[in-house]
Amino acid sequence: MQSQLLQSPFEMLEILGKTTGILPPKRGVWTFLNTTVELKKHIQLTQIQPHSRLLNNNNFIFWKLISEQMACLLKSLKLENMDQISYILRLLELSRNLCAENPLNQLHCSQSNLPNLTLDILIQLINSTTNVPSSIPSIIPGTIRIGIQFLANMMTDNLQIQKLYWPIFIQSDLISSALKSLDPKTVRSTLVWIYNCTHHDTLQSSQLLAHENGIKTIIQILTICESNVDEIDNINFELGISIVTSIIELDALPIIWNSLSTADCNDSDKSGKLTLLKVLDGICHSTDKKQYQFEKIFIKTSTFLLNEMNTIINSISNSSFQLNHIEDSVMSTDSLDLKCTKQLTLQLYYILQFWNILSEEIPESYQNWLDNGLINIITKVLGALQQMQPEQITIKDSKSMDIKNHPLYMMKIYVIKIISNLTSNEKSFQNTFRISGAIGLVMSNCIIDDLNPYIREASLFCLRNLLNANIENQDLIRSLEAQAVAKSNILDELGLEAELDKSSGKVKIKRSVV
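Residues numbered from 1 in each chain as written. Predicted model: local features only at pLDDT ≥ 70, side-chain atom pairs only at ≥ 80, totals over all residues. Heavy atoms only, no water.

Looking at the secondary structure, you find Lys-404 in the loop between α19 (374-388) and α20 (411-423). Taking the C-alpha atoms as reference points, Lys-404 and Asp-450, 46 residues apart in sequence, are found 9.2 Å from one another. (Helix = DSSP H or I, 4+ residues; strand = E, 2+ residues; numbered from the N terminus.)

See below:
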């Protein structure tokens, strides 16, 4: 017998009672509101414990009934028919409530065709909201949100159902499209769904990474993480960060990074990369970082970011950017070349922080890094930064800008700290840094530079590590001759100047000639 569309939720419950022998109790389970409005009767479960819900042994008949209703609605669906949309909403709301924290209801629901029918209906509804969003009735976004919550409830804490349906939903456009919703509550429901299915689940996280739509989903989450406007967005931000953290812990940062286009510096892909690096930075600076086995988790990530650091430096070196004064900051220009340089320097900043922590935590990985050319790349980075900022900068050089927000802030000192960490009692690294020319660069930074606070002290400590018990490096220092005296703003303010006596190799201070 062909299924027919029931005329109201009441009729559905009446048939349910006749076919299963289960009638709604007088109190405690069903609450009906607005009973005078046809097809807008609100069905809601209230204060029900899982064991108080519909009897589990007959539930499959119930889910089959709802599936038949949903199939009829899908077949004749007209998005302008608000009565149909209203009926879909109530069916989804009922299904969502019944699946919450009830494994048997989840199982019987999953064995019906309702999840697949819901998928098809939600995709149609989502597609309808992309045309003229301002003219979409509010009931449609609400129906989408309830449908997402239903599917999420069906799968929550049920690995059997997750294994069955998670790949299906990933391969569809549903999840990535729902994340683009203008309704932050729909976005939050979708993020909760993703979090519940991927958190600490290597298999399902890997499935997300393995499919094109899964990658789109992650990129959309990165976009959401950049939004932090109001309270609901803050919740979405926290959920998004948690999901991305779980993905990064799978050593999957290179997969996501390579999926982000680098064609246009104005695209959100650049901020997506920065978000990845910020999440990685958060993991590395976590108070619980001892729980992370960095050398095992970040094998691919560390090598990848080492190569990416080299790529960034090549790009920066080929740009026209050079910083002589703080007023020349890329933050005050609309030049595309300088905007790209700023984005690259921000990426480099977080990569250097990552390597700074890594070089402190994992001495057993040193040889592997040496084999991958870390020394030459680090030296190259320091040389490029020296070229971008040839002179030291003091706060007095600019009263109009917060020096801590400058794109080169702390960059050189991070590089020097990495060299210090790597050369501490490691003669092979000491020798390789000597060959790469790093010692001269480190010596050039034994200055006061407010753009790199305490860089003089860090450079002296780095030289101590480079020279410790290393005769060859000590001989190199002895062979150096003073060529000139670096300019000093402090002496200029005092009306003094420094002069090198080439005969004695000593520096003399004298009053400046006006």
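That was the structure; now back to the text.
Where helix α16 (residues 299-318) meets α19, the closest approach of the two axes is 10 Å, and the angle between their N-to-C directions is 30°. The angle between α16 and α19 places the two elements in the roughly parallel class. Judged by the twist between their axes, the crossing of α16 over α19 is left-handed. Here α16 contributes Leu-306, Met-309, Asn-310, Ile-313, Asn-314, Ile-316 and Ser-317 to the contact with α19, which in turn contributes Leu-374, Ile-377, Ile-378, Lys-380, Val-381, Ala-384 and Met-388. Here the contact of α16 with α19 is built from residues that sort into 10 nonpolar, 3 polar and 1 charged. (Axes fitted to C-alpha atoms, helices over the stretch in contact; angles between N-to-C directions. Parallel < 35°, antiparallel > 145°, perpendicular 65-115°, else oblique. Left-handed = near helix turned anticlockwise from the far one by under 90°. Contact = heavy atoms within 4.5 Å. Nonpolar A, V, L, I, M, F, W, Y, C, P; charged D, E, K, R; others polar.)

What follows concerns the pairing of strand β4 (residues 506-511). Little of β4 is tucked away, with 0 of its 6 residues classed as buried. With 6 bridges connecting them, strand β3 (residues 496-501) and β4 associate as antiparallel partners. Paired with Asp-501 across the bridge in β4 is Lys-506. (Buried < 20%, exposed > 50% of the residue type's maximum accessible area, 1.4 Å probe, protein only. Pairing = 2+ DSSP bridges.)

Our focus in this paragraph is the packing of aromatic side chains. Tallying each qualifying case throughout the model produces 6 aromatic pairs. A ring pair is formed by Phe-169 and Trp-193, whose centres lie 5.2 Å apart and whose planes are at 70°; its orientation type is edge-to-face. Residue Phe-169 is found in helix α7 (residues 159-171), and its partner Trp-193 is found in helix α9 (residues 184-198); the two are separated by 24 residues along the sequence. Taking relative accessible area as the criterion, Phe-169 reaches 0% and is therefore assigned buried. On the basis of relative accessible area, Trp-193 is assigned to the buried category, the value being 0%. With 5.9 Å between their ring centres and 75° between their planes, Trp-257 and Phe-304 make a pair best called edge-to-face. One end of the pair, Trp-257, is in helix α13 (residues 253-259); the other, Phe-304, is in helix α16, and 47 residues separate them in sequence. (Phe/Tyr/Trp six-rings, centres within 6.5 Å; stacked < 30°, edge-to-face > 60°.)

The next thing to look at is the side chain of Asp-251. With respect to the helices and strands, the residue Asp-251 is situated in the loop between α12 (231-248) and α13. One buried charge, Asp-251, has no salt-bridge partner; the nearest side chain with opposite charge is Lys-300, at 5.8 Å. Among the polar contacts listed, one links the side chain of Asp-251 to the side chain of Thr-301, at a separation of 2.5 Å. (Lys, Arg positive; Asp, Glu negative; His and termini not counted. Salt bridge = Lys/Arg side-chain N within 4 Å of Asp/Glu carboxyl O. Polar contact = N/O pair within 3.5 Å; in protein donor to acceptor, adjacent residues only side chain to side chain.)

One broad rule of soluble globular proteins: the nonpolar side chains tend to lie buried together. One finds Trp-193, Met-309, Leu-348 and Trp-355 to be the most contacted residues of the largest nonpolar core, which totals 125 residues. Ranked by residues supplied to this core, first place goes to helix α17 (residues 336-361) with 10 residues. Sequence-distant contacts of Trp-355, that is, excluding residues within four places in its chain, are made with Ser-302, Leu-305, Leu-306, Met-309, Trp-369, Leu-374 and Ile-418. (Core = buried A, V, L, I, M, F, W, Y, C linked by side-chain atoms within 4.5 Å.)

Attention now goes to the state of the cysteines. Scanning all chains against the criterion turns up 0 disulfides. In this structure Cys-109 is a free cysteine whose sulfur lies 4.0 Å from that of Cys-99, the closest cysteine sulfur available. Of all cysteine sulfurs, the one in Cys-446 lies closest to Cys-462, which takes part in no disulfide; the gap is 8.9 Å. A residue is classified by how much of its surface remains accessible, and Cys-462, at 0% relative accessible area, is buried. (Disulfide = S-S within 2.5 Å.)

Our next topic: α20. In this model, α20 (13 residues) spans 19 Å end to end at C-alpha, consistent with the 18 Å of a helix rising 1.5 Å per residue. Summarising burial for α20: 12 of the 13 residues are buried, a large majority. Within α20, the full set of buried residues consists of Met-411, Lys-412, Ile-413, Tyr-414, Val-415, Ile-416, Ile-418, Ile-419, Ser-420, Asn-421, Leu-422 and Thr-423. (Expected span 1.5 Å × (residues − 1).)

What follows concerns the pattern of salt bridges. On inspection of all chains with the given rule, the structure shows 6 salt bridges. Between Asp-183 and Arg-145 there is a salt bridge, with the nearest N and O atoms lying 2.7 Å from each other. Remark: Arg-145 occurs in helix α6 (residues 139-155) and Asp-183 occurs in the loop between α8 (174-178) and α9; sequence separation between them is 38 residues. The exposure class assigned to Arg-145 is partly exposed, which follows from its relative accessible area of 22%. Salt bridges linked by common partners bring Arg-90, Glu-93 and Arg-96 together as one network.

Phi angles above zero are rare outside glycine, and Glu-101 is one such case at about 60°. Positionally, Glu-101 belongs in the loop between α3 (82-99) and α4 (103-111). In this structure, Ala-469 takes a positive phi of about 55° despite not being glycine. Classification of Ala-469 by relative accessible area gives exposed; the value is 59%.

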